[in-house]
Amino acid sequence: MTRTPTIVLLGGGFSDDPDTLLDDFVLERAGRARPKVCFLPTASGDAPAYTEKFHAAFAGRGCEPSHLELFRRTVTDLRSFVLAQDIVYVGGGNTANMLAVWRVHGLDAVLREAYAAGVVLCGISAGACCWFESAFSDSFGPPVPLADGLGLLPGSLCPHYDSEPERRPGYLAAVNDRVLPGGWAVDDGAAGVFTDGRLMEVVTRRPGATLRRVSVDGDGSVAEEAQPARQLGT
């Protein structure tokens, strides 16, 4: 069965939320019973507690969870392992460090191939930023532009848009100053689905949270447009 290249941007999930709504939504995107879900905790330095939390959250949920460590790597054939998955779920942490480690191990090329093959790619924070050309990232301390993404999606991304006070003004200023290209800002509690590079759906687990399009208008000013979001769990 041919599957469409899909990326899901998460503003929450097992690591932050008191419910399973966003993770259930991700599992449904695989379009099959008992999807194989691989967690990549690279951005946290493969923190054992983070991986344990993933397995605790996904055990017994109608899927086959696994994880892939690179700091304590045991998987020899990354390509075969990743392409056998239905979903690759990337955790949060340091985006810049994660991308550097992926490239050293050749995982960046494997993820590009997985995307083209229809493996659903998703993640929160760093795990959402990495799919874009660039991001507004706190990899170096306070959030700053990071032009180092995989470029599977065009433009830039800002995570935690409505929950961290410095994110919104800093991201808008970076786009306004042309330091970052326009792109998307995801609120905590929301998720956006991109297929073949186009936004197809936005969902939310709480009222008001959504995905926002940030762009430069014809007059040169920065504009943000909240996307209609479907409420989950109703």
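Above this text is the structure in question.
What comes next is a walk through the structure. (Residues numbered from 1 in each chain as written. Predicted model: local features only at pLDDT ≥ 70, side-chain atom pairs only at ≥ 80, totals over all residues. Heavy atoms only, no water.)

**Some words on the overall build of the protein**
Along its length, the protein carries seven helices and 14 strands. Computed over the C-alpha atoms, the radius of gyration of the protein is 17 Å, within 12% of the 17 Å expected from 2.2 N^0.38 for a compact globule of 234 residues. In terms of overall dimensions, the protein has C-alpha extents of about 50 × 45 × 35 Å along its principal axes. Among the 234 residues that make up the protein, the fraction classed as buried is 53%. Across the protein, every contact between residues at least 6 apart in sequence was considered, and the portion connecting residues at least 24 apart equals 68%. About 9600 Å² of surface is accessible on the protein, with carbon and sulfur atoms providing 52% of the total. Across the protein, the mean location of the 21 positive side-chain charges is 4 Å away from that of the 29 negative side-chain charges. (Helix = DSSP H or I, 4+ residues; strand = E, 2+ residues; numbered from the N terminus. Rg over C-alpha atoms; globule rule 2.2 N^0.38 Å. Buried < 20%, exposed > 50% of the residue type's maximum accessible area, 1.4 Å probe, protein only. Contact = heavy atoms within 4.5 Å. Areas by Shrake-Rupley, 256 points an atom, 1.4 Å probe, with all protein chains shown as cover. Lys, Arg positive; Asp, Glu negative; His and termini not counted. Charge placed at Lys NZ, Arg CZ, Asp CG, Glu CD.)

**A word on the state of the cysteines**
Counted by the stated rule, this structure contains zero disulfides. Here Cys-129 stays unpaired: no disulfide links it, and the sulfur of Cys-158, its closest cysteine neighbor, is 7.4 Å away. Here Cys-130 is not cross-linked by a disulfide; its sulfur's nearest cysteine counterpart is in Cys-129, at 7.6 Å. (Disulfide = S-S within 2.5 Å.)

**Comments concerning unusual backbone geometry**
Backbone geometry at Ser-125 places phi at a positive 60 degrees, although glycine is not the residue there. Relative to the helices and strands, Ser-125 resides in the loop between β5 (120-124) and α6 (126-129). Positive phi, close to 55 degrees, is recorded for His-160, a residue that is not glycine. Among the residues examined, His-160 registers a relative accessible area of 13% and is labelled buried.

**Details of the sheet that holds strand β12 (residues 211-216)**
Read from one edge to the other, the open sheet built from six strands follows the order β7-β6-β8-β9-β12-β13, with strand pairing classed as mixed. Since the sheet does not close on itself, it has two edges, and those belong to β7 (144-146) and β13 (222-226), each with one partner. Ignoring which end each strand starts from, the neighbouring axes of this sheet average 25 degrees apart. Pairing between strand β8 (residues 153-158) and strand β9 (residues 183-186): three bridges, direction parallel. Bridged to Cys-158 within β9 is Ala-185. Relative to the sheet, helix α7 (residues 167-176) contacts β6 (132-137), β7, β8, β9, β12 and β13, its axis offset from that of β13 by approximately 130 degrees. (Pairing = 2+ DSSP bridges. Axes fitted to C-alpha atoms, helices over the stretch in contact; angles between N-to-C directions.)

**A few points about the side chain of His-160**
As for its position among the elements, His-160 is in the loop between β8 and α7. A polar contact of 2.9 Å, which involves the side chain of His-160, links it to the side chain of Ser-125. Within polar-contact distance, the side chain of His-160 engages the side chain of Asp-188 at 3.1 Å. Those residues in contact with His-160 that lie beyond four places of it in its chain are Ser-125, Arg-167, Val-186 and Asp-188. (Polar contact = N/O pair within 3.5 Å; in protein donor to acceptor, adjacent residues only side chain to side chain.)

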